[in-house]
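Each chain is listed here by its residues.
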Amino acid sequence: MENAIEIKGLQTHYGDREILKNITVSIPQGRTTVILGGSGCGKSTLLKHLIGLLRPTKGQIIIKGKDISGLQEDELNEVRKKMGVLFQGAALLNSLTLGENVALPIREHTRLNDSTIGIMVRMKLDQVGLSGFESFCPSQLSGGMKKRAGLARALALDPELLFFDEPSAGLDPVTAAGLDELILKLRNVFRMTIVVVTHELASVFTIADYVIMLDRGEVAFNGTLEELKASDNEKVRMFLERRPEKETYSPDDYFRVIAGD
Amino acid sequence: MSSIVEGFFGAVGRMALPLRRDVHDAAKIINSAFYWSFISPLKGRPIRFRASISEMVKAGYNSVPIVATISLFVGIILALQAAYQLKRVGALIYVANLVGVSLTRELGPIMTAIIVSGRSGSAFAAEIGSMKAAEEIDALTTMGINPVRYLVVPKLVALMVMVPALTVLADLIGIFGGFLLATTAVGLHPYSYFQQTVNALLIKDVFTGLLKAWAFGIVITLVGAYQGFKVEGGAEEVGRRTTASVVTSIFLVIIVDLFFTSLFYFFT
Ligand SMILES: Nc1ncnc2c1ncn2[C@@H]1O[C@H](COP(=O)(O)OP(=O)(O)O)[C@@H](O)[C@H]1O
Ligand SMILES: [Mg+2]
């Protein structure tokens, strides 16, 4: 199995706080990889490193043989042309219509004329089930439609790598299932490498081929979906069986907590 | 003793560290704003012309009514105050000099800058800040679109053109306000007031005023953009940053004004 992304010894900080601690994992080519984990464990932070928004303190992120952690901005932009990202809140530009939003990356990176761009935009919107909506503003859409529009924009330049941050967060189960179906279709039809950050178990079982589970900035598990189901790792079982985590303080920590220090 | 010294330097350090980061962040935005405005067009990546025009309309054209009204009143007030003093020495005609010179050299640019800070500087901070909070800035970056080029440069171009343009308007209307008052309430002859104004004004006065206005435009844009990009959290921080952008830009406008005015005083 060929790897699309290799992460080696990734370590990162916000200020003094260590968020990711020595992460080493690979993301397979042409498959859907799900990054799983509880809130605040560093999933979004990891994703932001993969798309070059944050730079690691230490370690390498190798995409197509290139370590992106040390690239200049314009070299990074070359890599980014092959990536599409759907952010948690869709991140459509509110001042533009849907059509203009989808056209944005095409205008920036190609010299196509307006009518060709118009055709591409309508194709992409059709692909996510939003044909006829190109003159709508983001504020006129429901959450699910916004995410679909954000996906259409992420697909605008036919990326090889597609990233999703919590695609089903804030959606009703039916809409979320629709989005999962779209993700499956993209992998099956276009053979894209897809990375999805989520904590929704239902969608993990639908879309995942490969799973990376994070816990407090460390990799608790990585393997295929079957391996995940069969795993007897304590952290994995707790997550899958939705058992609450017992807060375990060491006596020292407990003393510090109550002393308010 | 050593603990007092330690405490003192510790405190200074704790204050200086975030300050150093702020300076660093500000320098980065200033640097890339100038790069994308002046250097990259020479390398064949032009500024976004249509967006710049629309920013000019928002920041410039739409503030014409408020700038006009305020400068008319300030012109009248200036003439009244001047007349109050000059009446006593029987030199009422010099109201024209005072109104003309103080408006073009000082009050025109500074009034305009304060109005534009309140209207556009705050709008810039709010726009960029809410885009930051909604990850729209991140989205632009991942699409390979530089947010400074996309958002800040059109605003910078707009204010570099519109603050001087509004200043010309403020000068003219302010002088007209003074003229109105002087020829009616004070009873000066319209033609001699006009002549006196024309004689009093030097090209230099108008030009230095416009140069200041141009610099104020840059300050207001950069402060708005800086505060916007500093937003990390949600809506309440956008509000806080918006307020901060108005306060900071008015403060910096005054500082820049002081600098330019002393420069012109000693070197022209
Ligand atoms: N910009 C930031 N500055 C400081 N701390 C942050 C920032 N973003 C996230 N964090 C912290 O980093 C940790 C991981 O965040 P994140 O990657 O967003 O978690 P997840 O997406 O898994 O819920 C959290 O504890 C969060 O408080
Ligand atoms: Mg997250």
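Check the entry above for the structure.
Residues numbered from 1 in each chain as written. Chains lettered and ligands numbered in written order. Predicted model: local features only at pLDDT ≥ 70, side-chain atom pairs only at ≥ 80, totals over all residues. Heavy atoms only, no water.

K.L.:
Is there a simple way to explain the overall build of chain A in this structure?
P.N.:
Looking only at helices and strands, one finds 10 helices and 10 strands in chain A. The C-alpha radius of gyration computed for chain A amounts to 20 Å, which stays within 12% of the reference 18 Å derived for 261 residues, consistent with globular compactness. Each principal axis of the C-alpha atoms in chain A carries an extent, and together these give about 70 × 45 × 40 Å. Per-residue burial over chain A gives 49% buried out of 261 residues. Relative to all contacts within chain A whose residues are 6 or more apart in sequence, the contacts with residues 24 or more apart total 63%. Accessible area of chain A: about 12,800 Å², with a carbon and sulfur share of 48%. Where the 32 positive side-chain charges of chain A centre and where its 35 negative ones centre are 3 Å apart. (Helix = DSSP H or I, 4+ residues; strand = E, 2+ residues; numbered from the N terminus. Rg over C-alpha atoms; globule rule 2.2 N^0.38 Å. Buried < 20%, exposed > 50% of the residue type's maximum accessible area, 1.4 Å probe, protein only. Contact = heavy atoms within 4.5 Å. Areas by Shrake-Rupley, 256 points an atom, 1.4 Å probe, with all protein chains shown as cover. Lys, Arg positive; Asp, Glu negative; His and termini not counted. Charge placed at Lys NZ, Arg CZ, Asp CG, Glu CD.)

K.L.:
Please explain the packing of aromatic side chains as it appears in this structure.
P.N.:
Given two aromatic rings, their pairing is described by the distance between the two centres and the angle made by the two planes. All names here are of chain B. The final tally for this structure, using the stated rule, is 8 aromatic pairs over all chains. An angle of 25 degrees between the planes, with centres 6.4 Å apart, marks the rings of phenylalanine 176 and phenylalanine 179 as stacked. Within this pair, phenylalanine 176 and its partner phenylalanine 179 are both found in helix α6 (residues 147-184), separated by 3 residues, close to a single helical turn. Using a relative accessible area of 23% as the deciding quantity, one classes phenylalanine 179 as partly exposed. (Phe/Tyr/Trp six-rings, centres within 6.5 Å; stacked < 30°, edge-to-face > 60°.)

K.L.:
Even after reading the chapter, I still don't get the interface of chain B and chain A, so can you show me in this structure?
P.N.:
Accessible area lost on assembly of the parts is the figure often given for the size of an interface. In this assembly, 15 residues from chain B lie in contact with 20 residues from chain A. Between chain B and chain A, roughly 1,500 Å² of surface is buried when both sides are summed, and carbon and sulfur atoms account for 58% of that area. Contact with chain A buries surface across chain B, with B:Glu135, B:Thr142 and B:Met143 losing the most and accounting together for 39% of the total. Across the chain B-chain A interface, the total number found is 3 salt bridges. The closest approach of N and O atoms between B:Glu135 and A:Lys48, which form a salt bridge, is 3.8 Å. For the pair chain B and chain A, the interface holds 4 residue pairs in polar contact (both at pLDDT 80 or more). For the side of chain B that touches chain A, the secondary structure elements donating two or more residues are α5 (136-142) and α6 of chain B. Sorting elements by how many residues they give to the side of chain B that touches chain A places α5(B) first, with 6 residues. (Buried area = accessible area lost by both parts, 1.4 Å probe. Salt bridge = Lys/Arg side-chain N within 4 Å of Asp/Glu carboxyl O. Polar contact = N/O pair within 3.5 Å; in protein donor to acceptor, adjacent residues only side chain to side chain.)

K.L.:
What exactly am I supposed to notice about the site of ligand 1 here?
P.N.:
Close contacts around ligand 1 come from A:Tyr14, A:Arg17, A:Ile19, A:Gly38, A:Ser39, A:Gly40, A:Cys41, A:Gly42, A:Lys43, A:Ser44, A:Thr45 and B:Glu232, and that covers them all. Around ligand 1 the close residues trace back to chains A and B. Here an oxygen atom of ligand 1 and a backbone polar atom of A:Gly42 are 3.1 Å apart. Within the contact set of ligand 1, an oxygen atom lies 2.5 Å away from a side-chain nitrogen or oxygen of A:Thr45. Compared with its free state, where it exposes 560 Å², ligand 1 has 64% of that area covered by protein. No other element matches helix α1 (residues 43-50) of chain A, which puts 3 residues into the shell around ligand 1. A breakdown of the residues in the shell around ligand 1 according to their chemical character gives 3 nonpolar, 6 polar and 3 charged. (Near = heavy atom within 4 Å. Nonpolar A, V, L, I, M, F, W, Y, C, P; charged D, E, K, R; others polar.)

K.L.:
Is there a simple way to explain helix α8 (residues 203-230) of chain B in this structure?
P.N.:
One turn of the α-helix equals 3.6 residues, which is why residues spaced by three or four share an orientation. Between its terminal C-alpha atoms α8(B) stretches 41 Å, which fits the 40 Å expected from 28 residues at 1.5 Å a residue. Along α8(B), 21 of the 28 residues are buried, which leaves the element largely enclosed by surrounding structure. (Expected span 1.5 Å × (residues − 1).)

K.L.:
Can you walk me through the layout of surface pockets in this structure?
P.N.:
A water-sized probe rolled over the atoms picks out the places where empty space is left. Put simply, the largest pocket is a space of about 2,100 Å³. Looking at the largest pocket, it is lined by 46 residues, and the ones nearest its centre are A:Leu53, B:Lys28, B:Lys132, B:Asp138 and B:Thr141. Of all the elements in the fold, those that place two or more residues in the lining of the largest pocket are β1 (3-14), α2 (73-80) and α3 (98-109) of chain A together with α1 (2-39), α4 (95-133), α5, α6 and α8 of chain B. Of all the elements, α1(B) adds the most residues to the lining of the largest pocket, at 9 residues. What the second largest pocket holds in volume is close to 1,400 Å³. Lining the second largest pocket are 40 residues, with A:Leu104, A:Arg107, B:Arg48, B:Arg50 and B:Tyr150 positioned closest to its centre. Those elements giving two or more residues to the lining of the second largest pocket turn out to be α3 and α4 (114-127) of chain A together with α2 (49-59), α4 and α6 of chain B. Among the elements that take part in the lining of the second largest pocket, α3(A) stands out by supplying 8 residues, more than any other. (1 Å grid on protein atoms, 1.4 Å probe; cavity = no way out; pocket = protein on both sides within 12 Å on 5 of 7 lines; lining within 4 Å. Points joined across faces, edges and corners; volume = space filled by probe spheres on them.)

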